[in-house]
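# Understanding the architecture of this molecule
Below are the chains, spelled out letter by letter.
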Amino acid sequence: AQSVTQLDSHVSVSEGTPVLLRCNYSSSYSPSLFWYVQHPNKGLQLLLKYTSAATLVKGINGFEAEFKKSETSFHLTKPSAHMSDAAEYFCVVRGVTSGTYKYIFGTGTRLKVLA
Amino acid sequence: GAGVSQTPSNKVTEKGKYVELRCDPISGHTALYWYRQSLGQGPEFLIYFQGTGAADDSGLPNDRFFAVRPEGSVSTLKIQRTERGDSAVYLCASSSSGGEGGYTFGSGTRLTVV
């Protein structure tokens, strides 16, 4: 079965410093992977997606993620954090359970940005 | 519509009551999904519609939960005899075809059972 593990439940960074949110996946085949962001009382917004094309994926708001098959990882990075990046981030794998494709979410990482 | 619309945005109900949560997907999206997000957790799958039919309802926790999509567009999630443990944010998403390109989520309905 497919799954994702987000290694940190909380991450704090100072404004202007790099962001690293870690995600490891488990899949028996080449997966489709996504990162979503959820601001307080807002819906989930797609940041970026990997669907077996380029391994380095660029998303919105300066975020990017690199698919590393050898490490089964799909970490999310941003060179310089902004206050508006404070939110909950979810790593997602599109996998098959009970016979149909669906999104399987990680438990989330709450990013705090310090002034 | 331009996005996925969920109503109401907030719902407070008494234990034992019946509630309906509505989802209006993006026009033309054939796939519709319901997820439930409990406090501090990631969204968990409930049910998936392809057109009018439920293609997968394996995530519904018990027979108090039911969902319909009679015309292949708007969907309603129905919860009977609500319990305090049903309190959560219920998220709806839609996609074209199988969702390979990503789902578009609504803002959710926050259900509180008191």
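Our subject is the structure listed above.
Residues numbered from 1 in each chain as written. Chains lettered and ligands numbered in written order. Predicted model: local features only at pLDDT ≥ 70, side-chain atom pairs only at ≥ 80, totals over all residues. Heavy atoms only, no water.

## Some points on the overall build of chain B
The number of helices and strands found in chain B is zero helices and eleven strands. The order of helices and strands in chain B, counted from the N terminus, is β-β-β-β-β-β-β-β-β-β-β. If one aligns the C-alpha atoms of chain B with their principal axes, the spans along those axes are about 35 × 25 × 25 Å. Here chain B holds 114 residues, and the buried ones make up 46% of them. Within chain B, residue pairs in contact and separated by at least 24 positions form 54% of the contacts whose partners lie at least 6 positions apart. Surface summary for chain B: the accessible area is close to 5200 Å², and the carbon and sulfur share equals 46%. Put simply, chain B has 11 plus and 11 minus side-chain charges, and the middle of one group is 8 Å from the middle of the other. (Helix = DSSP H or I, 4+ residues; strand = E, 2+ residues; numbered from the N terminus. Buried < 20%, exposed > 50% of the residue type's maximum accessible area, 1.4 Å probe, protein only. Contact = heavy atoms within 4.5 Å. Areas by Shrake-Rupley, 256 points an atom, 1.4 Å probe, with all protein chains shown as cover. Lys, Arg positive; Asp, Glu negative; His and termini not counted. Charge placed at Lys NZ, Arg CZ, Asp CG, Glu CD.)

## Considerations on a nonpolar patch on the surface
Residues Tyr29, Val96 and Tyr101 of chain A make up a contiguous nonpolar surface patch of about 230 Å² in total accessible area. Along the chain, the position of tyrosine 101 of chain A falls in strand S11 (residues 100-105). (Patch = residues over 30% accessible without salt bridge, like charges linked within 9 Å, V, L, I, M, F, W, Y side chains within 5 Å. Salt bridge = Lys/Arg side-chain N within 4 Å of Asp/Glu carboxyl O.)

## Here's the deal with the pattern of salt bridges
Residues and elements named next belong to chain B. Under the defined criterion, the tally for this structure stands at eight salt bridges over all chains. For the salt bridge of arginine 64 with glutamate 83, the shortest nitrogen-to-oxygen distance reads 3.5 Å. Remark: glutamate 83 occurs in the loop between strand S8 (75-79) and strand S9 (88-95) and arginine 64 occurs in the loop between strand S6 (53-56) and strand S7 (65-68); sequence separation between them is 19 residues. The class of glutamate 83 is partly exposed, set by a relative accessible area of 40%. A single network of salt bridges, built from pairs that share partners, joins Arg64, Glu83 and Asp86.

## Topic: the state of the cysteines
Note on terminology: disulfide describes a covalent bond linking the sulfur atoms of two cysteines. All names here are of chain B. Under the criterion given, the structure shown has two disulfides over all chains. Linked covalently through their sulfurs, cysteine 23 and cysteine 92 form a disulfide whose S-S length is 1.8 Å. The chirality of the disulfide connecting cysteine 23 with cysteine 92 is left-handed, given an S-S dihedral of about -65°. Of this pair, cysteine 23 sits in strand S3 (residues 19-24) while cysteine 92 is found in strand S9, placing the two residues 69 residues apart along the sequence. Each member of the pair, cysteine 23 together with cysteine 92, is buried. (Disulfide = S-S within 2.5 Å.)

## Brief notes about the side chain of aspartate 56 of chain B
Mapped onto the fold, aspartate 56 of chain B is located in strand S6. One polar contact links aspartate 56 of chain B to serine 58 of chain B, side chain to side chain, over a distance of 2.7 Å. Excluding residues that lie within four positions of it along the chain, aspartate 56 of chain B makes contacts with Thr97, Ser98, Thr100 and Lys102 of chain A together with Phe45, Leu46, Ile47 and Tyr48 of chain B. (Polar contact = N/O pair within 3.5 Å; in protein donor to acceptor, adjacent residues only side chain to side chain.)

## A look at the interface of chain B and chain A
Contacts between the two partners involve 22 residues from chain B, matched on the other side by 20 residues from chain A. Surface buried jointly by chain B and chain A totals about 1600 Å² across both partners, of which 52% is contributed by carbon and sulfur atoms. The largest share of the area that chain B buries against chain A comes from Glu100, Tyr103 and Phe105 of chain B, three residues that together contribute 28% of it. Counting the contacts that link chain B with chain A gives one salt bridge. Where aspartate 56 of chain B meets lysine 102 of chain A, a salt bridge forms, and the shortest distance between an N and an O atom there is 2.5 Å. (Buried area = accessible area lost by both parts, 1.4 Å probe.)

## Description of the packing of aromatic side chains
All told, the structure shown has 18 aromatic pairs over all chains when counted by the stated rule. Arranged with centres 5.6 Å apart and planes meeting at 45°, the rings of phenylalanine 63 of chain A and tyrosine 89 of chain A form a pair that is tilted. Of this pair, phenylalanine 63 of chain A sits in the loop between strand S7 (56-58) and strand S8 (64-68) while tyrosine 89 of chain A is found in strand S10 (residues 87-97), placing the two residues 26 residues apart along the sequence. For the pair phenylalanine 63 of chain A and tyrosine 89 of chain A, one class covers both residues: buried. Aromatic side chains tyrosine 103 of chain A and tyrosine 103 of chain B sit 3.4 Å apart centroid to centroid with 5° between the ring planes, which places their arrangement in the stacked category. Separated into two different chains, tyrosine 103 of chain A in strand S11 and tyrosine 103 of chain B in the loop between S9 and strand S10 (104-105) make up a pair that spans both. Tyrosine 103 of chain B shares its class with tyrosine 103 of chain A; the two are buried. Three or more aromatic residues link up through ring pairs in this structure, and these residues are Phe34, Tyr36, Phe90, Tyr103 and Phe105 of chain A together with Tyr33, Tyr35, Phe45, Tyr48, Tyr103 and Phe105 of chain B. When the ring centre of tyrosine 101 of chain A is taken as reference, the NZ or CZ atom of arginine 94 of chain A above it lies at 4.2 Å. (Phe/Tyr/Trp six-rings, centres within 6.5 Å; stacked < 30°, edge-to-face > 60°. Lys NZ or Arg CZ within 6 Å of the ring centre and 35° of its normal.)

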